[in-house]
Amino acid sequence: MLKKRMIFAALLLPAAAWAQSSLEQARAIAGDPPAARQRLALADLPKATGKATALFDGGSLTGWQPWLGYADPALTYRGDPNAKPVGTSRDTSGDFAVRRVDGAPAIWIKGQTWGSLVNTADLRDYHLRLQYKWGAKTWAPREKEPPNNGLLYHTHGQPGEVFGTWRPSVEFEIMKGSTGMIVMVGGKVRARTTVALDPSLIAPHLRFRATGRTVDMVNGTGTWNVEAASDAERPIGEWNTLDLYVVGDRAIHVVNGVPVAEARDLATVAPDGTRQPLTHGHIQLQSEGAETFFRAITVEPIRTLPRIVVK
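First, a word on scope: everything that follows refers to the structure included in this document. (Residues numbered from 1 in each chain as written. Predicted model: local features only at pLDDT ≥ 70, side-chain atom pairs only at ≥ 80, totals over all residues. Heavy atoms only, no water.)

Moving on: the nonpolar core. By size, the foremost hydrophobic cluster in this structure holds 60 residues, and its most contacted members are Y153 and I297. Of all the elements, strand β7 (residues 126-138) adds the most residues to this core, at five residues. The contacts of I297, once residues within four sequence positions are left out, are T53, A54, L55, F56, W64, I107, L128, R129, L130 and L285. (Core = buried A, V, L, I, M, F, W, Y, C linked by side-chain atoms within 4.5 Å. Buried < 20%, exposed > 50% of the residue type's maximum accessible area, 1.4 Å probe, protein only. Helix = DSSP H or I, 4+ residues; strand = E, 2+ residues; numbered from the N terminus. Contact = heavy atoms within 4.5 Å.)

It is worth spelling out the sheet that holds strand β8 (residues 148-155) at this point. Strand order in the open sheet formed by seven strands is β3-β6-β19-β8-β9-β10-β14, with antiparallel pairing between adjacent strands. Each edge of the sheet is formed by a strand with only one pairing partner; in this case those strands are β3 (64-68) and β14 (225-226). (Pairing = 2+ DSSP bridges.)

Okay, the pairing of strand β5 (residues 104-109) next. Where strand β4 (residues 96-101) and β5 come together, six bridges link them in antiparallel fashion. Each residue of the ladder has a partner; that of V101, found in β5, is A104. The hairpin turn running from β4 into β5, its antiparallel successor, is two residues long, and D102 in that turn takes a positive phi close to 50°.

Okay, unusual backbone geometry next. Backbone geometry follows two general trends: most residues other than glycine have a negative phi, and most peptide bonds adopt the trans configuration. Between A140 and the following residue, P141, the backbone shows a cis peptide bond with an omega angle of 5°. Counting through the fold element by element, P141 comes out in the loop between β7 and β8. Put simply, A203 and P204 share a cis peptide bond, and its omega is 15°. Tracing the backbone through its elements, the reader meets P204 in the loop between β11 (189-197) and β12 (206-208). Phi is positive for H205, which is not a glycine, with a value near 65°. Summarising the element assignment, H205 is placed in the loop between β11 and β12. Taking relative accessible area as the criterion, H205 reaches 6% and is therefore assigned buried. Backbone geometry at D265 places phi at a positive 55°, although glycine is not the residue there.

The next point concerns the environment of Y126. Within the secondary structure layout, Y126 lies in strand β7. C-alpha of Y126 to C-alpha of E24: the two residues are 102 residues apart in sequence and 38 Å apart in space. With near-sequence residues (within four places) excluded, Y126 lies in contact with Y153, H154, L244, Y245, V246, I283, V299, E300, P301 and I302.

Within the fold, A104 resides in strand β5. C-alpha separation for the pair A104 and A296, spaced 192 residues apart in sequence, amounts to 9.5 Å. Among all residues touching A104, those that are not within four sequence positions of it are R99 and R295.

This paragraph deals with the pattern of salt bridges. Any two side chains of opposite charge can pair, on the condition that their charged atoms come close. Overall, the coordinates contain 11 salt bridges when judged by the stated rule. Between R207 and D198 there is a salt bridge whose closest N-O contact spans 2.8 Å. Owing to a relative accessible area of 11%, D198 belongs among the buried residues under this scheme. Residues R250 and E262 are paired through a salt bridge, measuring 2.6 Å at the closest nitrogen-oxygen approach. Placement of R250 in strand β16 (residues 250-255) and of E262 in strand β17 (residues 258-269) is noted, with a sequence separation of 12 residues between them. Through salt bridges with shared partners, one network takes in R192, R264 and D265. (Salt bridge = Lys/Arg side-chain N within 4 Å of Asp/Glu carboxyl O.)

Put into structure tokens, the structure is as follows:
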């Protein structure tokens, strides 16, 4: 989602003006000078308070609901009131299916039409673990961009409520080079995290830092996403393990055993402007331009979060 949104925003300003204004905004938000990247580790891993549950049965998509955005994904961010998402109006077996990969079953997401699989379980206070692996295909308009997808959690609202394609949620980004990034999906979703300025990033130039400056994340502003603390993803062709720890309105993103981001004060904004804690919801496996396989998706109840420590 990141690069497509940045391309859309860049169309509104000349390149030099966009770069200058976004960097100035990032400096005002995060402070200056840039801080060195941190090496982070987990401590005090929580013990499960119950049995683990498999969200993928290994043979079917039982428990998962498909939704597709626009037939032409290039329409996603244009806000055309006449454009209608595909939704569930066609057979989605060519978009989402179960396939055998490396000797085991996996959920296959083609990625050509953007959308998601939404799990029917309403989850709270949990440790979610899954494995993912990139497939060979990428599709327009992202065919020349890094493979991109996402694990969206605390999902709520209506199908297609966000850009006709996703439901409101917090995103554990899955994108080559940025896996673990925090993204606000929807204009009424909020989270707070801590950041430092990193001018090497595209806008909004913010990277997670455990000892950084606190920001409130708001879609459509200079804090709508925060890059992962480090790139812990394995080379394309290998399986990666993601761990998502969620207790109440706090979450920790872990990539291949390395903590890369923490979000707190997850919330939605009510029509009267008041902030309501966001403490539960569904998960979505995103389809956003890249063929992806998911397997070994389990969730177990927890009562406490691990701690992120700086090495």
